[in-house]
Amino acid sequence: MPAQRGLDSQEILRRLIAFDTTSAKSNLALVDFAAGLLDRPGVRIERFFSPEGTKANLLVELGPESTAARSGLLLSGHTDVVPALEDGWTSDPFVLTERPSSDGPRWFARGSADMKGFIALAVELASQLDIAKLVSPLALLLTYDEEVGTLGAQHFAHDWPHDRELPRLAVIGEPTSLEVVRLHKGHLKLAVTVRGAPAHSSLPHLGKNAIEAGARAVAALGALRDQLQEEHPEYGEHFPGAPFVTLNVARIAGGTAINIVPDRCVIELGIRLLPGMSSFAITERVRAALAEALADDEHTLEGIGDSPPLLCRDDAPHAEFLRQEVGQSGTRGAAYASDGGPLQALGIESVLFGPGSIEVAHRPDEFLPQVEFERAAGILRRLVHHFCETTP
């Protein structure tokens, strides 16, 4: 599509919002729009398509090519949003709507905070930079399907060529209310399938009830959850709301009719691991708990998703720079996962930083305060100047 240069960040945000990039839908139109704004001589643009070809990660590189020193900066944001089907919306979720408040104007829309506001700022900034002044590379990475398990970032990390470098330091634009977050929990998703034997419900002794066995499995998982809550893992102090591994039995499905003994029960659970923890180790604990509860029942355990936790060192230079900018002391942790987890596989050190609050994300009338949006613009400009225009 033809480039549309000269748009300011608010207009870019308005247009980004208008793309319905709910995770179940394609993000290609938004990717083409962003690429069109950024395409000019000296800018390198690549699309990395999803396995189905209906979505893409967008990588935009400006300035010198990244070398083994891996200097410069990566700005990253996910393009997908959660559905906007819940009751309580007072305006069209895909039309940026401004309303006054006691702390200044707010912009309401799905994705305004999480996280098209940050993307709009990053795109405007990159489109206005004088490429000739860049002494270190600046890269933008826009991903797909973060909301359903950081899938785009995982595919990007898996497929990235081993002989190519990217900047080591990254800022992921999650809505942190302009706090600097250097670590977060992961999200491991598991599915337990219990198998029984069908029979007519008038002759239940001829069958084996998989749902009843599933109930024992749920009880065992609840006991494991209670054990985890009593443990005190490393870095737990940075997650005061839940300074331990959380386990949530989220979905159960089984049975076909009331007059049939159910022969199958599926239980899906999510586990939030702390930084430094092993998905394999916690999976084995789940497996052991199930083996004891279902010793006489056929069952399987499989992984259905794994968004890794994030741990960035406290003295990472971009973390220190951002903390000084906002006057923050100490470390902040986030209980949710982000694309920063999978990007660690490429040796990328990420911090989360962006305008808007996670508390309004995924809710009706999600909003972005204009004052935070404008403040974030200045901070990002100074950040890029420090790491890309003055630091070799």
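I will try to describe carefully the structure that is included in this document. Residue positions are given per chain, counted from 1 along the sequence in the order it is written. Two thresholds apply to this predicted model, a pLDDT of at least 70 for residue-level local features and 80 or more for giving and counting side-chain atom pairs, whereas whole-chain, interface and lining totals are computed over all residues. As a convention, hydrogens and water are excluded, and side-chain values are obtained from all of the structure's heavy atoms.

**Focus on the overall build of the protein**
Labels follow the DSSP assignment, with helices taken as runs of H or I lasting at least four residues and strands as runs of E lasting at least two, numbered in each case from the N terminus. The number of helices and strands found in the protein is nine helices and 16 strands. Just to be clear, the radius of gyration here is over C-alpha atoms, and the globule rule we use is 2.2 Å times residues to the power 0.38. The globule rule puts the C-alpha radius of gyration for 392 residues at 21 Å, and the 23 Å found for the protein is close to it. A principal-axis box enclosing the C-alpha atoms of the protein has dimensions of 80 × 45 × 40 Å. We call two residues in contact when some of their heavy atoms are within 4.5 Å. Within the protein, contacts between residues separated by at least 24 positions form 80% of all contacts whose residues are at least 6 apart in sequence.

**With respect to the packing of helix H3 (residues 112–128) against helix H9 (residues 370–389)**
For helices, the axis comes from a line fit to the C-alpha atoms of the stretch in contact; other axes are also lines fit to C-alpha atoms, and the angle between any two N-to-C directions lies between 0 and 180 degrees. Between H3 and H9, the least distance of the axes is 10 Å, while the angle of their chain directions is 45°. On the basis of the axis angle, H3 is oblique to H9. Two packed elements cross with a definite hand, and for H3 against H9 that hand is right-handed. Of H9, the residues touching H3 (which contributes Gly117, Phe118, Ala120, Leu121 and Leu125) are Phe373, Ala376, Ala377, Leu380, Arg381 and Val384. Taken together, the residues of the contact of H3 with H9 break down into nine nonpolar, one polar and one charged. Here the angle decides the label: under 35 degrees means roughly parallel, over 145 means roughly antiparallel, 65 to 115 means roughly perpendicular, and every other value means oblique. A clockwise turn of the near helix away from the far one marks a right-handed crossing, whereas an anticlockwise turn of less than a right angle marks a left-handed crossing. Under this grouping Gly is polar, as are all residues other than the nonpolar Ala, Val, Leu, Ile, Met, Phe, Trp, Tyr, Cys and Pro and the charged Asp, Glu, Lys and Arg.

**Quick look at the packing of aromatic side chains**
Centres within 6.5 Å are what make two rings of Phe, Tyr or Trp a pair, Trp counting through its six-membered ring; a difference in plane orientation under 30 degrees is then read as stacked, over 60 as edge-to-face, and the rest as tilted. Tallying each qualifying case throughout the model produces seven aromatic pairs. Considering the side-chain rings of Phe19 and Phe33, the 5.7 Å spacing of their centres and the 40° angle between planes classify their relative orientation as tilted. With Phe19 in the loop between helix H1 (9–18) and helix H2 (28–38) and Phe33 in helix H2, this pair connects stretches of sequence that are 14 residues apart. Taking 5.9 Å as the distance between ring centres and 70° as the angle between the ring planes, the aromatic pair formed by Phe321 and Phe387 counts as edge-to-face.

**With respect to unusual backbone geometry**
The peptide bond linking Asp114 to Met115 adopts the cis configuration, its omega dihedral lying at -5°. With respect to the element layout, Met115 can be found in helix H3. Located in the positive-phi region is Leu178, a residue other than glycine, with phi close to 65°. Among the secondary structure elements, Leu178 is positioned in the loop between strand E7 (169–172) and strand E8 (181–184). Relative accessible area decides the class of each residue, using a 1.4 Å probe on protein chains only: under 20% of the type maximum gives buried, over 50% gives exposed, and in between gives partly exposed. By relative accessible area, which is 5% here, Leu178 ends up buried. Even without glycine at this site, His362 takes up a positive phi of about 65°. By the element assignment, His362 lies in the loop between strand E15 (349–352) and strand E16 (367–369). Taking the relative accessible area as the measure of exposure, His362 reaches 40% and is therefore partly exposed.

**Topic: the pairing of strand E9 (residues 187–195)**
Across the nine residues that make up E9, a large majority, seven, are buried. Any two strands between which DSSP finds at least two bridges are classified as paired. When E9 meets strand E12 (residues 298–307), the two strands line up antiparallel, connected through nine bridges. The residue of E12 that forms the bridge with His187 is Ser307. Alignment of E9 against strand E11 (residues 264–272), held across eight bridges, turns out to be antiparallel. Bridge pairing in E11 places Lys189 opposite Gly270.

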